[in-house]
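# Coordinates in review
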Amino acid sequence: TQMISWNIAQIARLVAEREDAKTIIFTGSFLRRNHAAQRKFASAFRYWSNGESRALFMKHEGYVGAVGALAMSNLIREESQH
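Residues numbered from 1 in each chain as written. Predicted model: local features only at pLDDT ≥ 70, side-chain atom pairs only at ≥ 80, totals over all residues. Heavy atoms only, no water.

### Considering the nonpolar core
Grouped together as the largest cluster of nonpolar side chains are eleven residues: Ala9, Ala12, Ala16, Ile24, Phe26, Leu31, Ala37, Phe41, Ala44, Phe45 and Ala55. Elements with a minimum of two residues in this core: α1 (2-19), β1 (23-26) and α2 (35-48). For this core, the leading source of residues is α2, giving four residues. With sequence-adjacent residues up to four places away left out, Ala12 is seen in contact with Phe26 and Phe45. (Core = buried A, V, L, I, M, F, W, Y, C linked by side-chain atoms within 4.5 Å. Buried < 20%, exposed > 50% of the residue type's maximum accessible area, 1.4 Å probe, protein only. Helix = DSSP H or I, 4+ residues; strand = E, 2+ residues; numbered from the N terminus. Contact = heavy atoms within 4.5 Å.)

Below you can see the structure in the form of structure tokens.
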């Protein structure tokens with residue numbers, strides 16, 4: 001769990017840095033009720049960002065993907081109308 005958590009956190013941190021994001025919200029079944037992995041993610045994020053970024057974890061993440069897909073479909077629809 002530790003190595004997986006650190007690898008995912010490092011990749012997410014690099015993407016966040018590229019996108020200039022300071023707060024990252026993690027979701028997914030790997031993190032659901034996996035407090036050890038959440039602690040590893042959070043500490044790795046703080047370490048690699050020198051305390052400038054933070055990791056958050058959704059308590060009820062089951063529909064986040066669907067909400068994101070809906071938001072993106074609306075954005076795509078709006079862009080195609082212009």
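Moving on from the model shown.
### Focus on the packing of aromatic side chains
Taken as a whole and judged by the stated rule, the model has five aromatic pairs. For the ring pair Tyr47 and Trp48, a centre distance of 6.3 Å and an interplane angle of 65 degrees mean the geometry is edge-to-face. Residue classification places Tyr47 among the exposed residues on the basis of a relative accessible area of 63%. Given the relative accessible area of 32%, Trp48 is considered partly exposed. Among the aromatic residues, those joined into a cluster by ring pairs are Phe26, Phe41, Phe45 and Phe57. (Phe/Tyr/Trp six-rings, centres within 6.5 Å; stacked < 30°, edge-to-face > 60°.)

### Considerations on the pattern of salt bridges
According to the stated counting rule, one finds two salt bridges in the structure shown. Between Glu17 and Arg13 there is a salt bridge, and its shortest N-O distance comes to 3.8 Å. Placement of both Glu17 and Arg13 in helix α1 is noted, with a separation of four residues, approximately one turn of the helix. Accessibility expressed as a relative area gives 7% for Arg13, which makes it buried. (Salt bridge = Lys/Arg side-chain N within 4 Å of Asp/Glu carboxyl O.)

### Considerations on the environment of Ile24
Structurally, the position occupied by Ile24 is in strand β1. Distance from Ile24 to Arg13, taken between C-alpha atoms, is 8.4 Å for residues eleven residues apart in sequence. When near neighbours in sequence (up to four residues on either side) are disregarded, Ile24 contacts Ala16, Phe45, Arg54, Ala55 and Leu56.

### Some words on a nonpolar patch on the surface
A cluster of nonpolar side chains, contributed by Met3, Trp6, Tyr47 and Trp48, occupies part of the molecular surface with about 470 Å² of accessible area. Of all the secondary-structure elements, those providing two or more residues to the nonpolar patch are α1 and α2. As for its position among the elements, Met3 is in helix α1. Owing to a relative accessible area of 56%, Met3 belongs among the exposed residues under this scheme. (Patch = residues over 30% accessible without salt bridge, like charges linked within 9 Å, V, L, I, M, F, W, Y side chains within 5 Å. Areas by Shrake-Rupley, 256 points an atom, 1.4 Å probe, with all protein chains shown as cover.)

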